[in-house]
Protein chains: 2
Amino acid sequence: MPDNPQTQKEQPRRRQARGERRIAQLLEAAAQVFCTTGYTAASTNAIAREAGVSPGTLYQFFPNKEAIAIELGDRLMHEMRDAYGEALAPVDPATPLEEAVGAAVDRFIAFNTDHPVFFALMHGPDMPGGITDAHDQLHTSLIGRVEGLLASLVPDASPADVTRTAHVCLGIYKAGLELVLTHEGPERAAYVQEIKNVLTRYLEPLVGDRIGQGRAGSAARVTPGITRTAPPGTSA
Amino acid sequence: MPDNPQTQKEQPRRRQARGERRIAQLLEAAAQVFCTTGYTAASTNAIAREAGVSPGTLYQFFPNKEAIAIELGDRLMHEMRDAYGEALAPVDPATPLEEAVGAAVDRFIAFNTDHPVFFALMHGPDMPGGITDAHDQLHTSLIGRVEGLLASLVPDASPADVTRTAHVCLGIYKAGLELVLTHEGPERAAYVQEIKNVLTRYLEPLVGDRIGQGRAGSAARVTPGITRTAPPGTSA
DNA sequence: GTGAAACGCGAGCGATCTCTCGTGTTTGCC
DNA sequence: GGCAAACACGAGAGATCGCTCGCGTTTCAC
């Protein structure tokens, strides 16, 4: 053991440009297969076939099936960090709640429609051990951001309450996302609006008396009654 | 084919009392295994072992693994129909929204904690084909009940809107259920209250001006601010 | 040019899972 | 008591999947 110069990590593998290309190719293929069949049902042979390479080639770049999902999740998390940094970083203490929620939801939805794998891996079923850790990391990071936003909206609230509220918000979003992804066109837009309504109405009493908006006034502004169809100018 | 007296169903199997007992035993074992490992990861041998019988005995009562989950879902659906009939059948046009939602949520939660398998099978991942049909049936039935309740609350709403709202309500509940099941004691009770808050606040603007309750008044009554801890006398 | 290492292949090993089959035991009916 | 059918067993057939291994090809530093 001590004769090994690197105590823990062993990456003496010098990747060539070709190898990096194969890795990207394999991850893309894995995303495709995971999306359609889920993680457990996806076979490594199917991933290799989808990528147009042999099983042996796949295992030259990934030690096992789990590592593929982990690497995929890792890359996804980095892209998500960027997207969610934009979405949640500026707390905007002056913008109305409805706008803030709407903008955040729109960005989340956009990310998930751009990367369908994310949903497949999150709602993935029996993720054996290690993957759950990798996604817990992402989930915790998300919760942290929502907590920060909530704390700035509701300064006088115990941390436990903020954490719980953050979990509820994320749960609402995830449930709504499932509904959004199973619909198309105007119906999808309608569900997006419903997510915003649910979140806004849920958070409205919490932010209470904010800068310039009375409660009743804003409550009446949140698309009264059942949302008719899609609000104008959402994604166009 | 025409020589068979029964055109479609073939159940010439005369079950003895022992057989019925075994079936119940096997379903109970299957519920246990599905709960802990999920559907796909659960092996029929493990189910048989849990039930204390041999694999061959299992296949004397179920043609395949899928049939076990379907039969389990069927029995669960019947119990659920009863429970949800109680919870949603009386629309109670006079009871305040908060109470109606609270009662419905409490019963749903009670059912799910009594039958953890249901959650495992619903959020089950890759349910091969037939099972999804069986659960779609249940899901549709549930949606129908929620639709009926909503239609009575919001008479002047298009069917499409009612359907969408029902889906949103069920989605909220399912998301909340996941949070509830992952917590214990007072924290769990707090999440239950949050589900009620979310649903009540979401539906409040829709039911609009009902019999005797002003909007602002009821809005203020929905546990103002972030819920502190557990409401008194929920499950004790 | 040459040698070492990265890349690529695909048959197949070992493990696992669903489901079958031959055989023996128990139950219900006459 | 006797017989047919239901019940019970457990080894293993058949299929699949994760992953390996031996060998050939390409790339790159020198």
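Note that this is a predicted model, so its numbers are computed, not measured.

Procedures and definitions
- Residues numbered from 1 in each chain as written.
- Chains lettered and ligands numbered in written order.
- Predicted model: local features only at pLDDT ≥ 70, side-chain atom pairs only at ≥ 80, totals over all residues.
- Heavy atoms only, no water.
- Helix = DSSP H or I, 4+ residues; strand = E, 2+ residues; numbered from the N terminus.
- Buried < 20%, exposed > 50% of the residue type's maximum accessible area, 1.4 Å probe, protein only.
- Contact = heavy atoms within 4.5 Å.
- Areas by Shrake-Rupley, 256 points an atom, 1.4 Å probe, with all protein chains shown as cover.
- UniProt positions renumbered as here; feature names shortened; annotations may be inferred.
- Core = buried A, V, L, I, M, F, W, Y, C linked by side-chain atoms within 4.5 Å.
- Near = heavy atom within 4 Å.
- Polar contact = N/O pair within 3.5 Å; in protein donor to acceptor, adjacent residues only side chain to side chain.
- Nonpolar A, V, L, I, M, F, W, Y, C, P; charged D, E, K, R; others polar.
- Salt bridge = Lys/Arg side-chain N within 4 Å of Asp/Glu carboxyl O.
- pLDDT = per-residue confidence, 0-100.
- Phe/Tyr/Trp six-rings, centres within 6.5 Å; stacked < 30°, edge-to-face > 60°.
- Lys NZ or Arg CZ within 6 Å of the ring centre and 35° of its normal.
- Expected span 1.5 Å × (residues − 1).
- Axes fitted to C-alpha atoms, helices over the stretch in contact; angles between N-to-C directions.
- Parallel < 35°, antiparallel > 145°, perpendicular 65-115°, else oblique.
- Left-handed = near helix turned anticlockwise from the far one by under 90°.

Trainee: Please clarify how the overall build of chain A should be interpreted in this entry.
Mentor: Tallying secondary structure elements over chain A gives ten helices and zero strands in all. Each helix and strand of chain A, placed in order from N terminus to C terminus, yields the pattern α-α-α-α-α-α-α-α-α-α. Split into buried and exposed, the 236 residues of chain A put 44% on the buried side. Within chain A, counting contacts between residues at least 6 apart in sequence, those at least 24 apart form 69% of the total. As displayed, chain A has an accessible area near 12,200 Å², and 54% of this comes from carbon and sulfur atoms.

Trainee: In this structure, what is going on with the UniProt feature "DNA-binding region" (unreviewed entry) in chain A? I would like to understand it.
Mentor: Per the UniProt record, "DNA-binding region" (unreviewed entry) is annotated on residues 43–62 of chain A. A helix fraction of 75% and a strand fraction of 0% characterise residues 43–62 of chain A, whose end C-alpha atoms lie 14 Å from each other.

Trainee: What am I meant to see in the nonpolar core here?
Mentor: The nonpolar side chains of soluble globular proteins are, as a tendency, buried together. Counting 126 residues, the largest nonpolar core has Phe34(A) and Phe34(B) as the members making the most contacts within it. With residues up to four places along the chain from it excluded, the contact list for Phe34(B) reads Tyr39(B), Ala42(B), Ile47(B), Ile68(B), Ala69(B), Leu72(B), Val117(B), Ala120(B) and Leu121(B).

Trainee: Sorry, what's going on with the protein's contact with DNA strand D here?
Mentor: By nearness alone, 24 residues border DNA strand D, and Thr44(A), Lys65(A), Arg15(B), Arg22(B) and Thr57(B) come closest of all. The contact atoms of DNA strand D, taken as those within 4 Å of the protein, divide so that sugar and phosphate hold 71%. Here a phosphate oxygen of DNA strand D sits 2.9 Å away from a polar atom, N or O, in the main chain of Ser54(B). The set of elements that each furnish at least two residues to the surface near DNA strand D consists of helix H2 (44–51) and helix H3 (55–61) of chain A together with helix H1 (17–37) and helix H3 (55–61) of chain B. Tallied by class, the residues present in the surface near DNA strand D amount to six nonpolar, eleven polar and seven charged.

Trainee: It is not clear to me how the pattern of salt bridges should be interpreted in this structure. Could you clarify?
Mentor: In the structure shown here, the tally under the stated rule is ten salt bridges over all chains. The partner of Glu71(A) in a salt bridge is Arg75(A), and the shortest N-O contact between them spans 2.8 Å. With Glu71(A) and Arg75(A) both in helix H4 (residues 65–88), this residue pair falls four residues apart, about one helical turn. For Glu71(A), a relative accessible area of 27% translates into the label partly exposed. For Arg75(A), a relative accessible area of 36% translates into the label partly exposed. Across the salt bridge formed by Arg164(B) and Asp161(B), the nearest N and O atoms sit 2.5 Å from each other. Of this pair, Arg164(B) and Asp161(B) both sit in helix H8 (residues 159–181), three residues apart, which is roughly one turn of the helix. Residue Arg164(B) is classed as buried on the basis of its relative accessible area, which comes to 3%. One salt-bridge network, in which partners are shared between bridges, spans Asp161(A), Arg164(A) and Glu187(B).

Trainee: What should I look at first to understand the protein's contact with DNA strand C in this one?
Mentor: Neighbouring residues of DNA strand C: 25 residues in total, closest Arg15(A), Arg22(A), Thr57(A), Thr44(B) and Lys65(B). Backbone atoms, meaning sugar and phosphate, form 69% of the atoms of DNA strand C found within 4 Å of the protein. In this structure, a phosphate oxygen belonging to DNA strand C sits 2.8 Å away from a side-chain N or O atom of Thr57(A). Note that a phosphate oxygen of DNA strand C is positioned 2.8 Å from one of the backbone N or O atoms of Lys65(B). Those elements that provide at least two residues to the surface near DNA strand C are helix H1 (17–37) and H3 of chain A together with helix H2 (44–51) and H3 of chain B. Here the surface near DNA strand C gets four residues from one element, more than from any other, and that element is H3(A). Grouping the constituent residues of the surface near DNA strand C by class yields six nonpolar, twelve polar and seven charged.

Trainee: Where do I start with the confidence of the model for chain A in this structure?
Mentor: The predicted coordinates ought not to be read in detail in places where the model reports low pLDDT. Residues and elements named next belong to chain A. When the pLDDT values of chain A are averaged, the result is 82; 77% of them are 70 or greater. Across residues 1–9 the pLDDT falls below 50, and counting only partners more than four positions away or on other chains, this stretch makes zero contacts in the model. Below a pLDDT of 50 lies the segment residues 212–225, which in the model reaches 20 contacts outside its immediate sequence neighbourhood of four places, other chains included.

Trainee: Sorry if this is basic, but what is going on with the environment of Leu72(B) here?
Mentor: Residue and element names in this part refer to chain B. Counting through the fold element by element, Leu-72 comes out in helix H4 (residues 65–88). Owing to a relative accessible area of 7%, Leu-72 belongs among the buried residues under this scheme. In this structure the C-alpha to C-alpha distance between Leu-72 and Leu-27, which are 45 residues apart in sequence, comes to 6.4 Å. Every residue in contact with Leu-72, bar those within four places of it in the chain, is listed here: Leu-27, Ala-30, Ala-31, Phe-34, Val-117 and Leu-121.

Trainee: Looking at this model, I keep getting lost on the packing of aromatic side chains. Mind explaining?
Mentor: The geometry of an aromatic ring pair is captured by the separation of the ring centres together with the interplanar angle, meaning the angle of the planes. Scanning all chains against the criterion turns up six aromatic pairs over all chains. Here Phe111(A) and Phe118(A) contribute two aromatic rings whose centre-to-centre distance is 6.0 Å and whose plane-to-plane angle is 75°, an arrangement assigned as edge-to-face. Exposure class is identical for Phe111(A) and Phe118(A). Each is buried. Over the ring of Tyr39(B) we find Lys65(B); its NZ or CZ atom is 4.7 Å from the centre of that ring. The positively charged end of Arg164(B) is found above the aromatic ring belonging to Tyr191(A), 6.0 Å away from the centroid.

Trainee: Hey, could you run me through H1(B) in this one?
Mentor: Because an α-helix completes one turn every 3.6 residues, residues spaced three or four positions apart along the sequence face the same direction. With 21 residues, H1(B) should reach 30 Å at 1.5 Å per residue; the first-to-last C-alpha distance of 30 Å fits that figure. Where H1(B) ends, the next residue or the one after it, Gly38(B), has phi of about 85°, a positive value.

Trainee: What should I look at first to understand the packing of helix H5 (residues 97–114) of chain A against helix H9 (residues 185–207) of chain A in this one?
Mentor: Helices that pack against each other are described as a pair by the angle of their axes relative to one another and the distance between those axes. All names here are of chain A. Orientation of H5 relative to H9, taken along the N-to-C sense of each, is 140°, at an axis distance of 9 Å. As summarised for this structure, H5 and H9 are arranged oblique, according to the angle between their axes. You can see that H5 and H9 cross each other, and the crossing is right-handed. Contacts between H5 and H9 involve Leu-97, Glu-98, Val-101, Gly-102, Val-105, Asp-106, Ile-109 and Thr-113 from the former and Arg-188, Val-192, Ile-195, Lys-196, Leu-199, Thr-200, Leu-203, Glu-204 and Val-207 from the latter.

Trainee: What is the right way to look at the environment of Ala134(A) in this model?
Mentor: Residues and elements named next belong to chain A. In this structure, Ala-134 sits in helix H7 (residues 130–153). Under the relative-accessibility criterion, Ala-134 is labelled buried at 13%. Distance in space between the C-alpha atoms of Ala-134 and Gly-73 is 7.2 Å, their sequence separation being 61 residues.

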